[in-house]
Structure formats: C-alpha cells, structure tokens
Amino acid sequence: DDDIFSSAFCEDSEKLINVHLFALAAKYYSLSNLGVCTPLEDMLEALKGDSEGAAGIKPDEFMNNKKSHEVQVMSELVDSISNYCEIKQVIDIGSGKGYLSSFLSMQYNLKVYGIDSSSSNTNGAHERNKKLKKHWRAYQSRGRENLKSQSLEKTNDRPVESEIRCKTINEELLNNASSLQNQDRVIIQDLVPSCGSTEMATPETSIETEADLVTGAQSQETKLSEEVLAVLNVLPADAVEDFSSSHCNCRELCEEEKVQRKMTSVKTKARKSSESNLYFPLTSCITAETELSDIITDLEDCMLVGLHTCGDLAANTLRIFTAKPEIKAVCSVGCCYHLLSEQFENQEECQDQVWGFPMCQYLKDKGWCCGRNARMSACLALERVAVGQMLPTESLFYRAVLQVIIEEIYGVTKSDRHVGKTFSKSSSFIDYVRRSLKKLELDDSKLPDNCIMDYYEKYQHRMNELEAFNMLKVVLAPCIEVLILLDRLCYLKEQENIAWSGLVKLFDPVKSPRCYAVIALKNQS
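Here is a short report on the structure shown in this document. Given the structure is predicted, the values throughout are model-derived calculations rather than measurements.

Here's the deal with the pattern of salt bridges
Inference 1: Scanning the model with the defined rule gives 14 salt bridges in all.
Inference 2: Note that arginine 434 and aspartate 444 form a salt bridge whose closest N and O atoms lie 3.2 Å from each other. A residue pair is termed long-range when its members are at least 10 positions apart, and arginine 434 in helix α20 (residues 429-439) and aspartate 444 in the loop between α20 and α21 (449-459) qualify at ten residues. Like aspartate 444, arginine 434 is buried.
Inference 3: A salt bridge links lysine 438 to aspartate 444, with the nearest nitrogen and oxygen atoms 3.4 Å apart.
Inference 4: Given a relative accessible area of 55%, lysine 438 falls into the exposed group.
Inference 5: Linked by salt bridges that have partners in common, Arg434, Lys438, Asp444 and Asp449 make up one network.

Put into structure tokens, the structure is as follows:
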C-alpha cells in the first residue's frame, strides 16, 4: 500500500533510499497493473461480433514498420466503431502525412477529412494520396478477391450470427460504466496526494522514404475506370471544393447544352455520394473552440480520430467531441506530453485560456501540477529500454554539460530556443558545444576549446550517475503517463452524453511507445 511504498524515501531528507521498492511502486501504478484498460480484442468483438472486416491492403507496402503497425491496428478499430455508429465520415485531427487517412479511405470505404496545421504536411499528404490513387483500383480488386476467398474458406467453419447493435454493446461491454467511473475516481485518488501543488504543435511524424508504393503492379490492374477518375480527379489540395463542373455563364449556352450540363452535374454528385471513400487533406489550426462546420462544408454525423496528436491537441480533440452533437465517437492516441500546457504550472493564471492539463474536475479542485520535467519523463519508453534499446547516455551527458556551460559562462537559465538534434551532426564535444551556442545565438568566441574540454573532463566521471538517474526517470515514466491518461478518461466520465468511455492499449509499446487510445461513444438516439 501507500505506506509501504513511501518507505522507499527517507522521511527526513526525502531522498530515495530503496530503489527496488521504488521500482515495485512504479509497476503497481502502471496502467497494465491497475486493470482500468479495456482489452482491444474484447472491444472489437463487442463492436463487430462475428462480422468479418475488410482484407487485402497491407499498409507496410507504402509505410515503415512502425507506422504500418499503428495504421493497421487503429484503422480496424475506427472502422468497427464507424460501422457500429452507422457513420461514414471520419475527421482525422493532426493528420500529418495522411497515412491513417489514406488507409481508412482506401481500405474501409470511409470519407475522411484530414486536418493538419502544417501546410507542408497537407500538401505532402495530397501528393502522396495522388500516387495512391493510381493503385487504388488494384488494391480494391485484390482486397475483394482475398475477402471472397476467406469467406468461402470459413463458410462451413462457423455459423452466421446477427450483428451486434447498441443494446448488445451496452450489455456486454459497457454495463459497468457507472462502476468504472467510481473505480477511476478511487484509482486517481490513490495516484494523487490529498494536496498537490503551446497551442497546438505539429503532429509527431517520422521521416520516411517514399518508395514506389506497389512496384509490381500491372498496368491493367492499376488503370482506373472513367467513372472513378471523374470523382478522384477533383480531390482538392487544401480545401473542400464543389464537385460541380459547371462554372460557365449558362446564359451563353443553348437549352440543350444547359440540360446536358445539368445531367452531368447530377451524375457527378451521384457518383460523389456512392463513392464515399474519398480523402480530403485540409490545413487548419485546431483549438478547443474550433467550429468544424467552418472547415468542412458538408459536415455530418462523424467520428474524430487522432493518431499521436501532439500536446494540447489531444485534449482539445476530446473537448470538441463532447461539445459537438454531430460527433458520435472519438478515438485519440496522444503524444508529446512535454508540450502540454498546465493550468497550475505558473503562478499567474490566465482565466480565459483552455489548458491541456488537468481536464477533469477532480484534479482541477486539487490544483494538481505535473511540471515540465515530469511531463518530459512521461515521454520516455520503458518497454524499449527493457528489451535492450538503451537511452542515448552520451548525448544526454553532452546536453547536461552544455547546460552548465551556458549557465556559468553566459548566465542564461531560460531560453525559447532549442538545441535540437545537434548531437548526431557533431564530430566531438567541442563541435557540439559550438554548434549549440550558434543555435542559441550565443557568442562562442569567448569560449576557447581548452575551456570547453575542462568542463567535459570535470563531469565525465559522473556519466554513470547521469545514466542511473535517467533510468529512474524511465521507471517512473508509466506512472506519469497514467496520471495524464486517467485525467482525460475522468473528464469523459464527467460528461452526461457519453454512453461509454475507456482506455484501450492499441499498439505494441516496443514498436510504438505511446500506445494507449482514449475512446468514447455517445448515446445513440
């Protein structure tokens, strides 16, 4: 219990004296041990029953292994939720390069709007989607053949049962919503002591090489019909545009031409409605007050998704979901906890600002604050370290010594500028310091090489100490992530229009450390 775990620290000095007990406490308060997560398999079974999903497209044909794993797992869940809620429109918040959006559109026949604050991301997603269009029909044809063969194989293996609807999911998966809410409150009370002490960043994306998407595709397989091209060729780069092809002055046309153009417009709109699997990349900065109807002209009942939404964007996604009646479900995987804004981090509180943390009323009443150091620690990947992917100790040591140099030599304790990934570009510690000082716009001429090396040698014997300290931060990381995720879950539990909300572990944490999704479904009328 808490009394046992508290003995890991000295009562007088408050220093850590029992590392083993500290590690046990951290494990005890991890999400996997608390028992508050809904297994992904259970949720998919409750949503889909025995219905078979789509098959055929493998995202690893045009993504790296990490992104392929994330997109494949998350898109299956998003498709199951959209089918359950009987919606065909999906809004991908912080869509980045558009991998998830494109896959949802091609594989699951969904109409997807991908919204990102970076125009370069949006333009890149549009160009990538144009390449995918060339292979779209071949993908779909292959998927239909695979699905047909799978269906034939399983015809005699299992009976066909009725599809699960709202009553079933409420009874089988969601009947403990009220008790879960109480359980969450007890758990978060265990996590938080009785008294406690930006705007959207560009979504986290990895740099990947865009190789040929399907190298062996035959020309007859990839050729699209004229009807499909009529729809796909009007996909906009950064905005939703009218599908009508008639922009001429109709008074200049004869009556027969007017009728012909009207029929063409009707057919085009009909094809638009029948071909729902379209992807629209849009550029816009999303905040808690964003009106989606101002961005998406044909907004209808839809679902919000976010794959590694950065900082406050994850919290704002949940706020938009609860505030807009047309949004029936949400599936959000957050990241970049260090970029969260905190209401109680600074003494000067801005009453009008919407904060990334805390969200739930319980932590607000406690005035709870994590602080940047704790949020930075929450971004560490314990599972990767556990399998041998060790921390970059040398680069962390370089950064720590640099901090001492800029404080003692330049008197700088805070800066809005960042060193970034200077270590990988540096040939030595001297080179690292000089590159970093230039990025920080500090004069390096006052610092000779021998002075730089004096600092290095002064602290070199403490490198093992730094490594041990960072390992303790890694062990503690899941506990801080628990606090942030349970805060978001409890916020959803406080809302009256939510039928069910929960945390689901979507990804292999070694492949994708930020692996937990916050999921919620609204009451269905």
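Here the narrative resumes.
Quick notes on the packing of aromatic side chains
Each aromatic ring pair is described using two quantities: the centre-to-centre distance and the angle formed by the ring planes.
Inference 1: Considering all chains together, one arrives at 13 aromatic pairs under this definition.
Inference 2: Between phenylalanine 9 and phenylalanine 22 the ring centres are 6.1 Å apart and the planes differ by 80°, which places this aromatic pair in the edge-to-face class. Of this pair, phenylalanine 9 sits in the loop between α1 (2-6) and α2 (19-28) while phenylalanine 22 sits in helix α2, and the two are 13 residues apart along the sequence.
Inference 3: Under the relative-accessibility criterion, phenylalanine 9 is labelled partly exposed at 34%.

Comments concerning the state of the cysteines
Inference 1: With the rule as written, the count across this model stands at zero disulfides.
Inference 2: Distance from the sulfur of cysteine 310, which forms no disulfide, to the nearest cysteine sulfur (cysteine 336) is 3.1 Å.

Some points on the pairing of strand β2 (residues 111-116)
Inference 1: The buried fraction of β2 is high, at six of six residues.
Inference 2: Residues of β2 alternate between two faces, with Lys111, Tyr113 and Ile115 on one and Val112, Gly114 and Asp116 on the opposite face, all of them buried.
Inference 3: In the sheet, strand β1 (residues 89-93) pairs with β2 via five bridges, with the strands oriented parallel. Residue pairing in the sheet places valine 90 in a bridge with valine 112 of β2.

Details of unusual backbone geometry
Inference 1: Cis rather than trans, the peptide bond between phenylalanine 357 and proline 358 has omega equal to -5°.
Inference 2: With respect to the helices and strands, the residue proline 358 is situated in the loop between β5 (327-335) and α16 (361-366).
Inference 3: Despite not being glycine, cysteine 336 has its phi angle at roughly 55°, a positive value.
Inference 4: Residue class for cysteine 336 comes out buried when judged on its relative accessible area of 11%.

What to know about the sheet that holds strand β4 (residues 302-310)
Inference 1: Strands sit in the order β3-β2-β1-β4-β5-β7-β6 across an open sheet of seven strands; the sheet is mixed. Two strands close off the open sheet at either side, each with one partner strand: β3 (279-283) and β6 (498-505). When strand polarity is set aside, the average angle formed by the axes of neighbouring strands in this sheet is 15°.
Inference 2: Sheet topology places β2 next to β3; five bridges connect them, and they run parallel. Paired with valine 112 across the bridge in β3 is tyrosine 279.
Inference 3: Along the sheet, helix α6 (residues 99-108) contacts β1, β2, β3 and β4; its crossing angle with β2, the most-contacted strand, is approximately 175°.
Inference 4: Relative to β5, helix α15 (residues 312-323) is tilted by about 170°, and along the sheet it contacts β1, β4, β5, β6 and β7 (516-522).

Here's the deal with the environment of leucine 396
Inference 1: On the secondary structure map, leucine 396 appears in helix α19 (residues 393-408).
Inference 2: Measuring from C-alpha to C-alpha, the distance between leucine 396 and asparagine 470 comes to 9.1 Å, with 74 residues separating the pair along the chain.
Inference 3: In contact with leucine 396, other than residues within four places in its own chain, are Leu391, Leu466 and Asn470.

Quick notes on the rules
Residues numbered from 1 in each chain as written. Predicted model: local features only at pLDDT ≥ 70, side-chain atom pairs only at ≥ 80, totals over all residues. Heavy atoms only, no water. Salt bridge = Lys/Arg side-chain N within 4 Å of Asp/Glu carboxyl O. Helix = DSSP H or I, 4+ residues; strand = E, 2+ residues; numbered from the N terminus. Buried < 20%, exposed > 50% of the residue type's maximum accessible area, 1.4 Å probe, protein only. Phe/Tyr/Trp six-rings, centres within 6.5 Å; stacked < 30°, edge-to-face > 60°. Disulfide = S-S within 2.5 Å. Pairing = 2+ DSSP bridges. Axes fitted to C-alpha atoms, helices over the stretch in contact; angles between N-to-C directions. Contact = heavy atoms within 4.5 Å.

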